[in-house]
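Working through the structure, step by step
Chain by chain, the residues:
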Amino acid sequence: MDYGHPERAERLAADYAVGTLRGGARRRFERLLPAHPALAAATADWSARLQLLAEQVAPVEPPPHVWATIQTRLFGAREGVAGRVAAEAPTTDRGRAGPLRFWRGLSAVALAASVVLGVMVVRPVPEAAPIVVVLRSTPEGVELVKTGFVASVSADGRALVLKPLAPVEIDAAHALELWAVPKAGAPRSLGLIAAGDAPTTVTRANLLADTQAFAVSLEPSGGSRTGKPTGPIVSAGGI
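The following paragraphs examine the structure supplied in this document. As the structure is a computational prediction, the values presented were derived from the model and not from experiment.

A few words now on the overall build of the chain. Within the chain, the regular secondary structure consists of seven helices and eight strands. In the chain, which comprises 239 residues, the proportion classed as buried is 29%. Taking as baseline every contact in the chain between residues at least 6 positions apart, the subset at least 24 positions apart corresponds to 60%. On the chain, roughly 14,600 Å² of surface is accessible, and the fraction owed to carbon and sulfur atoms is 61%.

Time to look at the pairing of strand β7 (residues 211-220). The element β7 is extensively covered by neighbouring structure, given that eight of its 10 residues are classed as buried. When strand β4 (residues 174-182) meets β7, the two strands line up antiparallel, connected through nine bridges. When the bridges of β7 are listed, valine 181 appears paired with alanine 213. As paired strands, β7 and strand β8 (residues 233-238) are joined by five bridges and run antiparallel to one another. Among the inter-strand pairings, alanine 215 is bridged to a residue of β8, identified as alanine 236.

Below, the discussion takes up the packing of aromatic side chains. Working definition: an aromatic ring pair is given by the centre-to-centre distance plus the angle between the planes. Taken as a whole and assessed by the stated rule, the structure comprises one aromatic pair. Arginine 26 extends its terminal NZ or CZ atom over the ring of tyrosine 16, reaching a point 4.0 Å from the ring centre.

With respect to the helices and strands, alanine 215 occurs in strand β7. When the C-alpha positions of alanine 215 and phenylalanine 149 are compared, they lie 9.6 Å apart, and in sequence the two are 66 residues distant. For alanine 215, the residues in contact, after removing those within four places along its chain, are Leu135, Glu177, Leu178, Trp179, Val181, Ile233, Ser235 and Ala236.

Moving on, we get to the nonpolar core. The biggest cluster of nonpolar side chains holds 20 residues, and the ones touching the most others in it are Leu135, Leu160, Leu176, Leu178 and Phe214. Contributing elements (two or more residues each) for this core: β1 (131-137), β2 (149-153), β3 (159-164), β4 and β7. Setting aside its immediate chain neighbours within four residues, leucine 178 contacts Leu135, Leu160, Leu162, Arg188, Ser189, Leu190, Gly191, Ile193, Val202, Phe214, Ala215 and Val216. Of all hydrophobic cores here, the second largest spans 11 residues; its members include Tyr16, Phe29, Leu33 and Leu39.

This part takes up the sheet that holds β2. In spatial order, the strands read β5-β4-β7-β8-β1-β2-β3-β6; together these eight strands make up an open sheet with antiparallel pairing. Because the sheet does not close on itself, it has two edges, and the strands there are β5 (188-192) and β6 (200-203). The average angle at which neighbouring strand axes cross in this sheet is 20 degrees, direction not considered. Sheet topology note: the β4/β5 ladder contains four bridges and is antiparallel. Bridging from a neighbouring strand, leucine 178 pairs with glycine 191 of β5.

Here we take up unusual backbone geometry. The backbone phi angle of asparagine 206 is positive, close to 60 degrees, even though this residue is not glycine. Here asparagine 206 shows up in the loop between β6 and β7. Residue classification places asparagine 206 among the exposed positions, given a relative accessible area of 56%. We note that aspartate 210 has phi near 55 degrees; this positive angle belongs to a residue other than glycine. A relative accessible area of 45% places aspartate 210 in the partly exposed class.

Below, the discussion takes up the side chain of threonine 211. Tracing the backbone through its elements, the reader meets threonine 211 in strand β7. Of the residues examined, threonine 211 reaches a relative accessible area of 8% and is grouped as buried. In this structure the side chain of threonine 211 is engaged in a polar contact, spanning 3.1 Å, whose partner is the backbone oxygen of leucine 207. Not counting chain neighbours up to four residues away, the residues in contact with threonine 211 comprise Ala180, Val181, Pro182, Arg188 and Ile239.

What counts and how
- Numbering of residues starts from 1 in each chain and follows the order in which that chain's sequence is written.
- Local features in this predicted model are restricted to residues whose pLDDT is 70 or higher, and side-chain atom pairs enter the listing and the counts only when it is 80 or higher, whereas totals over whole chains, interfaces and linings include all residues.
- Excluding hydrogens and water, the side-chain values take into account all heavy atoms of the structure.
- Runs of E in the DSSP output that reach at least two residues are strands. Runs of H or I that reach at least four are helices, and both are numbered from the N terminus.
- Buried means the residue's accessible area, taken with a 1.4 Å probe over protein chains only, is under 20% of the maximum for its type, while exposed means over 50%, and partly exposed covers the values in between.
- Two residues form a contact once any of their heavy atoms are found within 4.5 Å.
- Using a 1.4 Å probe, accessible areas were evaluated by the Shrake-Rupley method; residue-level cover was limited to the displayed protein chains.
- Strands are treated as partners if at least two bridges between them are detected by DSSP.
- Two rings from Phe, Tyr or Trp (for Trp, the six-membered ring) form a pair when their centres sit within 6.5 Å of each other. Planes less than 30 degrees apart are called stacked, planes more than 60 degrees apart edge-to-face, and all others tilted.
- Ring-over charges, as used throughout, are those where CZ of Arg or NZ of Lys falls within 6 Å of the ring centre and within 35 degrees of the ring normal.
- Take the buried Ala, Val, Leu, Ile, Met, Phe, Trp, Tyr and Cys residues and link them wherever side-chain atoms come within 4.5 Å; each set so joined is a nonpolar core.
- Every axis in this analysis is a line fitted to C-alpha atoms, fitted for helices over the stretch in contact. Angles between the N-to-C directions lie between 0 and 180 degrees.
- Polar contacts, as counted here, are pairs of nitrogen or oxygen atoms within 3.5 Å of one another; within protein the pair requires one atom able to donate a hydrogen and one able to accept it, and residues that are adjacent in sequence qualify only if both atoms are side-chain atoms.

Right, here's the structure in full:
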């Protein structure tokens, strides 16, 4: 299976992030992440989106009757009465009641711990939000490419997802190339941009290092042959 295919990577990453990818499929997906940059970038992107939504939901403290209901279902409605009877029983009975109360108490502690763990899984420790850069069409680019782009860079600067605002339409003799523009010196190529409406994923260390903007240039098919932009800049956006 081609896990680098953008649409497939997006779909799998979405299922993983929202929790609908389960069991063996989820474990297999986690083993694939280190070897497939497209999957890793898509997963980071979806996790960041869901984290922003989760941060907008206020935590809700369960009311006391919820815990009472749990205790009743686990140990019976007359647990309190049984406890008092056991305490007043002869020594021989008390020997049996003691371990029973111990294991029931241990079960209650384990239940509480599992509830807390579930809340922690649903509401993970907040991570830094990704950096979003809008690349607007330049005056020259409006005549050449009929769309702008949105770049989402992970907070650690290791992954970038570039999405067109409309399907990219370009003839076979040309290609669009993405560049990281530093404060000084020559731009760095981040690769070619996918045609159509598919996102382009870039995984590279220190994407934001000494970068003040991203730009898209029109190049010959296959990209620039010089390592620098050779055609017009059709879209650009500052960080």
